[in-house]
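# Structural overview for review
Each chain is listed here by its residues.
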Amino acid sequence: MEDRRDRAAGNGTLFGKLADGTEVHRWALENGGTRLKVLDYGGVVQSLEIPDRHGHHRNVSLGFDTIEDYVASSPYFGALIGRYGNRIGDGRFTLDGTPHRVDVNDGANSLHGGGRGFDSRMWDVEPFTQGSDVGLYLSRTSADGEMGYPGTLEVKVTYTLTERGDWRIDYEATTDRTTVVNLTSHVYWNLAGEGSGSVHDHELWIAASRYTPVDSGLIPTGELAEVAGTPFDFRRAKTVGEDLRVAHEQLLYAKGMDHNWVLDKGATAKPLPVATLRDPVSGRTLRVSTTEPGLQFYSGNFLDGTLVGTGGNVYRQGDALCLETQHFPDSPNKPSFPSTVLRPGQTYRSTTVHSFDR
Ligand code: GLA
C-alpha cells in the first residue's frame, strides 16, 4: 500500500497540508472536453469544467481554493460520502439481532457517515489510462468500528473520464462483518458556473413517480408517496424554482427540496438514465444514469452566504443543487426499503455516469 501511495503522490501536485502535516494532493484529468480536478482528501471534486454551446468552459461544481476551507467549513462540496449517504434515524440500527450505534452529527441523527465520514478522510489515489479513457483509482480501508459501523470495509472508487467527456463513478466495497453501505458523491452543480448565482432557472427532469416523505428531522416516514399533484413531480422537466415556494409541509421541513426520489427503474445491473439538468442560457446539460434505486435532490437550502468559493464569490441559498444517487435514507431501519446490508463474501457495487451535452 505504501509503495502505491508514493507512486500516486508523484503524479498529483501539492494542494495543501492538514493540521497534522499530512500532505493533500490534487490530480488534474482532461478528456472529451471535460476537465476534472480531484483531491486525495475526501476524493473531493475540487473543480469540474465543461464547455457551453460556444465551447466556453466554466467550472460547474462548487468548491474551495484551500484545504483549510475544506476542513473548516465544507458542506460536503464535491466529496465522496460514506459509509452511509444521507441519514440514519437516531444513529441506531439492528443487524442480525445486534444493535449498533453510529456517530450522531445532525440533531439526533447520523448524516453522511457521521462527523468524520469518507468526505474528510485521506484516500489512496492512483491515476490510470485505459484505451481512450483516463481516470483515478481511489481506495481506503475503513476500520472496523469507524464512526460506529461494524466490519472492516475495503472501499474502491473509480473516477473515469471517457473519450466523450462523461464522468463515470464506479464504487466497490467488501466487508469482513455484516454491515450497511450506501456510497454517493456530493457534487453541488451550477451549470452556469459556480458563483454565478441561483440555479432556480435550470430545468430538471427526474424519472420518478414516487418519493420518500420525511419527518421534521428529515428521516423518511417509510411511505412511498406519489409525486403526482405535488411540487415533487419532475416527470416532465420543469425549472427548479417553479414549485420551490409552494406552501407544502415537506418543503417547510427541508427549507426546499432535500428528498429521496424513488426511481421508476428501481435498482438495475446497468446504469440507466434517471435525471437531466439543463441550463437553458449556456445550453450546458447534465444527464445522470445510475444503477441505484434512489436519487437525493437537494436544492442547496443550507447555503447561507457565509462561504466564499473557488471563483471568489459568496455562495447563497439555491446557488447550486445536488443529485445524489443512492439507496434510500434510513434503510437500515426501514425493512420495506431496498436493503443496504452487505455481508462477508458479497461485493457492494454501484455505478453512476454523468454525461455532458450542450
Ligand atoms: C444532503 C442532506 C442535506 C444536507 C446536505 C449538505 O443533501 O440531505 O440535508 O446535509 O446534504 O448540507
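Residues numbered from 1 in each chain as written. Predicted model: local features only at pLDDT ≥ 70, side-chain atom pairs only at ≥ 80, totals over all residues. Heavy atoms only, no water.

Spatial strand order, β19-β18-β21-β24-β27: five strands in an open sheet with antiparallel pairing. Lying at the two open borders of the sheet, with one neighbouring strand each, are β19 (225–226) and β27 (322–326). As paired elements, strand β18 (residues 210–212) and strand β21 (residues 258–262) share three bridges and run antiparallel to each other. Bridge assignment links T212 to a residue of β21, and that residue is N260. (Pairing = 2+ DSSP bridges. Helix = DSSP H or I, 4+ residues; strand = E, 2+ residues; numbered from the N terminus.)

This paragraph deals with the pattern of salt bridges. All told, the structure shown has 14 salt bridges when counted by the stated rule. Between E30 and R35 there is a salt bridge, with the nearest N and O atoms lying 3.3 Å from each other. With relative accessibility at 30%, the residue R35 sits in the partly exposed group. A salt bridge links R87 to D106, with the shortest nitrogen-to-oxygen separation between them at 2.8 Å. You can see R87 sitting in strand β7 (residues 87–88) and its partner D106 sitting in the loop between β9 (98–101) and β10 (110–111), a full 19 residues away along the chain. Overall, the relative accessible area of 5% leaves R87 in the buried class. (Salt bridge = Lys/Arg side-chain N within 4 Å of Asp/Glu carboxyl O. Buried < 20%, exposed > 50% of the residue type's maximum accessible area, 1.4 Å probe, protein only.)

The full set of residues close to the ligand is Y76, N86, R87, L111, H112, H186, Y188, D258, Q296, Y298, F302 and E324. Take N86: an N or O atom from its side chain is 2.8 Å from an oxygen atom of the ligand. H112 has a polar side-chain atom sitting 3.0 Å from an oxygen atom of the ligand. Isolated, the ligand exposes 300 Å² of accessible area, and the fraction of that covered by the protein chains is 95%. (Near = heavy atom within 4 Å. Polar contact = N/O pair within 3.5 Å; in protein donor to acceptor, adjacent residues only side chain to side chain. Areas by Shrake-Rupley, 256 points an atom, 1.4 Å probe, with all protein chains shown as cover.)

Ranked by internal contacts, the top residues of the largest apolar core, which has 56 residues, are W167, W189, W261 and F297. When residues of this core are assigned to their parent elements, the largest contribution, five residues, is made by strand β13 (residues 153–161). Leave out the neighbours within four places in its chain, and F297 touches L204, I206, F234, V240, M257, D258, H259, W261, L321, C322 and L323. If you look at the next biggest cluster of nonpolar residues, it comprises 19 residues, including L18, V44, L303 and L307. (Core = buried A, V, L, I, M, F, W, Y, C linked by side-chain atoms within 4.5 Å. Contact = heavy atoms within 4.5 Å.)

The next point concerns the packing of aromatic side chains. Inspection of every chain in the model, using the stated rule, returns 19 aromatic pairs. Aromatic side chains F118 and W123 sit 5.8 Å apart centroid to centroid with 80° between the ring planes, which places their arrangement in the edge-to-face category. Among the aromatic side chains, those forming a connected cluster through ring pairs are F15, F64, Y70, F77, Y188, Y298, F302 and Y315. Across the ring face of F234, the terminal group of K238 is positioned such that the distance to the ring centre comes to 4.4 Å. (Phe/Tyr/Trp six-rings, centres within 6.5 Å; stacked < 30°, edge-to-face > 60°. Lys NZ or Arg CZ within 6 Å of the ring centre and 35° of its normal.)

Okay, the sheet that holds strand β29 (residues 348–357) next. Within the open sheet, the nine strands sit side by side as β11-β12-β13-β14-β29-β23-β22-β17-β20. Their pairing is antiparallel. Edge positions in the sheet fall to β11 (124–130) and β20 (238–239), since each of these pairs with one other strand and no more. Relative to strand β22 (residues 272–278), strand β17 (residues 203–206) runs antiparallel, the two sharing four bridges. Along β22, the bridge assignment pairs I206 with A275.

Here we take up the confidence of the model for the protein. Confidence along the protein averages 96 in pLDDT terms, with 97% of residues attaining 70 or more. With pLDDT under 50 throughout, residues 1–10 is counted as low confidence; its partners more than four residues away or in other chains account for 15 contacts. (pLDDT = per-residue confidence, 0-100.)

Turning next to the environment of L224. The residue L224 is located in the loop between β18 and β19 in this model. The spacing of L224 and T212 is twelve residues in sequence and 5.0 Å in space, taken between C-alpha atoms. Ignoring sequence-local partners within four residues, the contact set of L224 consists of R210, Y211, T212, V262, F328 and F337.

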